[in-house]
Amino acid sequence: MTSVVNLYAKCGMVGDAYKMFDRMPEKDLVCWNTVISGYAQNGMSKRALELVLRMQEEGCNRPDSVTVVSMLPACAAIGSLQMGKSIHGYVFRNGFESLVNVSTALVDMYAKCGSVGTARLIFDKMDSMTVVSLNAMIDGYARNGYYDEALVIFQRMLDEGFKPTNVTIMSTLHACAESRNIELGQYVHKLVNQLGLGSNVAVVNSLISMYCKCQRVDIAAELFENLKERTLVSWNAMILGYAQNGCVMDALTNFCKMHLQNIKPDSFTMVSVVTALAELSVLRQAKWIHGFSVRTCLNRNVFVATALVDMYAKCGAVHTARKLFDMMDDRHVTTWNAMIDGYGTHGYGKEAVELFEEMRKGHVEPNDITFLCVISACSHSGFVEKGQNYFMIMREVYSLEPSMDHYGAMVDLIGRAGRLSEAWKFINNMPIKPGLNVYGAMLGACKIHKNIDLGEKAADKLFELDPNDGGYHVLLANMYATASMWHKVAKVRTMMERKGIQKTPGCSLVDLRNEVHTFYSGSTSHPQSEKIYAYLEKLFDRIKAAGYIPDTDSIHDVEDDVQEQLLKSHSEKLAIAFGLLNTSAGTTIHIRKNLRVCGDCHSATKYISLVMKREIIVRDMHRFHHFKDGSCSCGDYCPIGTFRGIELRNIICSDCQHLQPTWKN
DNA sequence: GTAGGGTTAG
């Protein structure tokens, strides 16, 4: 009888197994254990644990080591550290700790419940261990973010002569992927072939994922193409890999291919595709995938819903993002982060701060990313004291150690507000060695506020850290240009040429009826090119009449009329003209730009929104600009326009000369 | 007889 129960359970038919078990007149411990493990192994953890209680009440059976070995994974699955600890107590009282499978299950349970330190203590006390124990420890470290420790255990395993299994390989590759350690990843890849695991789909899926995380999507694609028996996981890993490496079209193509092969997407697939569309930032496609996820009910999954919130925010539809956010019953910390960040990048500092305060009142704890989002939201809106306060409570109330990104955001916050010596002092008092982003934020602030002295100091440090970063060279040149120090501008340019640093060409995207149109600055390759340039002539006359003055100071070494021509051919002006020409009155135009919006485009777009009565939303590399009725949502709180009575100009322009500030937060 | 580790996410 018991073996039949076991057979049903092993085939995933737990219901039938239970029916059989229920009919048995005499239930011994083995029989109970069989059905308990059946529930535990089929993902019904709570049911398994309930049965243990029933067994004690009904059958006068006490759990033995076999029962415990089924109970611990069930605890791990529901993440109940409390119950896990009480089982540990039972194990101790009964002397089960010396059994290698019990200890292994304890290591696994503690690690899965987040207590990786306790897991290690038990691991270290084991006098004998198997490959399974080592696997549990490697996975435990990897899933808690201790990638180096995971790799140390892996090395120890090889040194002690254990033969790695498929599970070892998968956990190790996970650690390699997350720590971006492609060298070790490639070593493991060789090992996979030596061990004859090259045809194991799960192992190959992990390899695909590792290569994608290490930005070798090409190697991943080759593995994927050669994979004979692809599973849903293979497709998901590949699509996500494409999405995370900016290969949006490849991600979407594979999603379609999958559909043609009648493979049903799951929540993982949806997250990958939504991530790709967030990157594409086209509202029409965003709505389509949203509709698709509603029809398949996958929008109820918290991961998918969070990705949708993030996607809408990145498509400029921050209010839609908020509606989805409000409709969710279950929100993870990342859900809050996506929404707070969405508000921040759209310049809704007040809303970001309010949402953060609401979060603090609830049961979801903010994490380090939350603080990064809220501090940078404060920075975008000029809430210096608020941001400083959050930076303080992050450590003092939430015991979170600030990372380099937090320090960078703080320098941006203080510096952008013009408090440059305070920002410089902040950098010099940092407990860790300041990174590129920190000095980059400083240089950016110095450019805005024309502080050549501190700007040069920041630039020296930047080039010490990375002599070949194009973005920071451009930023430095821009700073000199702002101060009309043309001699120094030329020096930076020569330096860039000598080092062979490439400038990124300005490029804007706009979507029209299911097609994405790309415009490079000054290009004439678009079929409507002639019409667009002619239209721009007329449009310039209209905005000039409304008060727009072309920012021709931006290019100092050419004639006036040529300057104006260069300004007119900026990629976003071409994209806006194309949008106006091809959509009906009142339609909002969405533009996606690869660099930052330059001062002249910013000013021109404000006037265009006024005279054409159009809302124009521009997503640049750094934030969003909502242009409406002649003003912008950024409130000119950026290196453009007027700030506290000081006129700020982006003197060397982005598109025509491709000299463009590209600092990151 | 029943038992430990397991591929892809926001």
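Residues numbered from 1 in each chain as written. Chains lettered and ligands numbered in written order. Predicted model: local features only at pLDDT ≥ 70, side-chain atom pairs only at ≥ 80, totals over all residues. Heavy atoms only, no water.

A. Structural context of the overall build of chain A. Along the backbone of chain A there are 34 helices and eight strands. Dimensions of chain A, computed from C-alpha atoms along their principal axes, come out at roughly 95 × 55 × 50 Å. Residues classed as buried in chain A amount to 53% of the 665 residues present. Pairs at least 24 apart in sequence give 64% of the contacts found in chain A among residues at least 6 apart. Accessible area of chain A: about 29,900 Å², with a carbon and sulfur share of 52%. Side-chain charges of chain A comprise 70 positive and 70 negative groups, with the mean position of each set lying 3 Å from the other. (Helix = DSSP H or I, 4+ residues; strand = E, 2+ residues; numbered from the N terminus. Buried < 20%, exposed > 50% of the residue type's maximum accessible area, 1.4 Å probe, protein only. Contact = heavy atoms within 4.5 Å. Areas by Shrake-Rupley, 256 points an atom, 1.4 Å probe, with all protein chains shown as cover. Lys, Arg positive; Asp, Glu negative; His and termini not counted. Charge placed at Lys NZ, Arg CZ, Asp CG, Glu CD.)

B. View of the sheet that holds strand β5 (residues 624-628). Here we have six strands laid out as an open sheet, ordered β2-β1-β3-β4-β5-β6, and mixed in their pairing. Of all strands in the sheet, those with a lone pairing partner are β2 (515-520) and β6 (631-632), marking the two edges. Here four bridges tie strand β4 (residues 616-619) to β5, and the two strands are oriented antiparallel to one another. Looking at β5, one finds that V618 is bridged to H625. (Pairing = 2+ DSSP bridges.)

C. Structural detail: unusual backbone geometry. Unusually for a residue other than glycine, K450 sits at a positive phi of about 55°. Residue placement: K450 occurs in the loop between α27 (436-448) and α28 (452-465). A relative accessible area of 39% means that K450 is categorised as partly exposed. One non-glycine residue, S484, lies in positive phi territory at about 55°. Topologically, S484 is positioned in the loop between α29 (470-482) and α30 (486-499). Residue S484 is classed as partly exposed on the basis of its relative accessible area of 46%.

D. Local environment of the protein's contact with DNA strand B. The immediate surroundings of DNA strand B are formed by 48 residues, with T2, N101, N135, N205 and K213 found nearest. Sugar plus phosphate: this is where 44% of the atoms of DNA strand B within 4 Å of the protein reside. At 3.4 Å, a side-chain N or O of D28 approaches a base nitrogen of DNA strand B. Within the side chain of T34, an N or O atom sits 3.4 Å from a sugar or linking oxygen of DNA strand B. Of the residues forming the surface near DNA strand B, the biggest block, six residues, is contributed by helix α13 (residues 201-213). Classifying every residue of the surface near DNA strand B by side-chain character gives 16 nonpolar, 25 polar and seven charged. (Near = heavy atom within 4 Å. Polar contact = N/O pair within 3.5 Å; in protein donor to acceptor, adjacent residues only side chain to side chain. Nonpolar A, V, L, I, M, F, W, Y, C, P; charged D, E, K, R; others polar.)

E. Fine view of the UniProt feature "repeat: PPR" (unreviewed entry) in chain A. In the numbering used here, UniProt assigns the feature "repeat: PPR" (unreviewed entry) to residues 28-62, 130-164, 200-234 and 332-366. Note that residues 28-62 is 80% helix and 0% strand, and that its end C-alpha atoms are spaced 11 Å apart. Along residues 332-366, the helical share is 74% and the strand share 0%, with 10 Å between the first and last C-alpha atoms. (UniProt positions renumbered as here; feature names shortened; annotations may be inferred.)

F. Representation of the environment of A177 within the structure. Residue placement: A177 occurs in helix α11 (residues 166-178). Classification of A177 as buried rests on a relative accessible area of 4%. Spatially, the C-alpha atoms of A177 and I208 are 9.8 Å apart, while their sequence positions differ by 31 residues. With residues up to four places along the chain from it excluded, the contact list for A177 reads M210 and K213.

G. Examining α29 more closely. Taking 1.5 Å of rise per residue, 13 residues should cover 18 Å, and α29 covers 18 Å from first to last C-alpha, within 8% of that figure. The buried fraction of α29 is high, at 13 of 13 residues. Between the side-chain oxygen of the N-cap and the backbone nitrogen of Y472 there are 3.1 Å, and the N-cap of α29 in question is D469. (Expected span 1.5 Å × (residues − 1).)

H. Main features of the packing of aromatic side chains. Across all of its chains, the model carries 21 aromatic pairs by this definition. Taking the centre distance of 5.8 Å and the plane angle of 40° together, the rings of Y18 and F21 count as tilted. Here Y18 and its partner F21 are both found in helix α2 (residues 14-23), three residues apart, which amounts to about one turn of the helix. Residue class for Y18 comes out buried when judged on its relative accessible area of 15%. Under the relative-accessibility criterion, F21 is labelled buried at 0%. Each member of the aromatic cluster is reached from another via a ring pair, and the members are Y18, F21, W32 and Y39. The ring of F463 carries K499 above its face, with NZ or CZ at 5.3 Å from the centroid. (Phe/Tyr/Trp six-rings, centres within 6.5 Å; stacked < 30°, edge-to-face > 60°. Lys NZ or Arg CZ within 6 Å of the ring centre and 35° of its normal.)

I. Spotlight on the packing of helix α3 (residues 29-41) against helix α5 (residues 65-78). Their axes nearest at 9 Å, the elements α3 and α5 cross at an angle of 15°. In terms of their interaxial angle, α3 and α5 are classed as roughly parallel. Considering the relative orientation of α3 and α5, their crossing is left-handed. Mapping the contact onto sequence places L29, N33, I36, S37 and A40 in α3 and V66, T67, S70 and A74 in α5. Its residues assigned to classes, the contact of α3 with α5 comprises five nonpolar, four polar and no charged. (Axes fitted to C-alpha atoms, helices over the stretch in contact; angles between N-to-C directions. Parallel < 35°, antiparallel > 145°, perpendicular 65-115°, else oblique. Left-handed = near helix turned anticlockwise from the far one by under 90°.)

J. Highlighting the nonpolar core. I208, M238, I289, M311, F371, Y390 and M442 are the most contacted members of the largest nonpolar core, which totals 184 residues. Every residue in contact with M238, bar those within four places of it in the chain, is listed here: I208, C212, V217, A220, A221 and F224. Residues A575, F578, C598 and C634 belong to the second largest nonpolar core, which totals 29 residues. (Core = buried A, V, L, I, M, F, W, Y, C linked by side-chain atoms within 4.5 Å.)

K. Structural view of the pattern of salt bridges. All told, the structure shown has 20 salt bridges when counted by the stated rule. Among the salt bridges present, the one from E58 reaches R54, with a minimum N-O distance of 3.0 Å. Highlighted residues: E58 and R54, both in helix α4 (residues 45-59), separated by four residues, approximately one helical turn. Note on E58: relative accessible area 46%, which makes it partly exposed. (Salt bridge = Lys/Arg side-chain N within 4 Å of Asp/Glu carboxyl O.)

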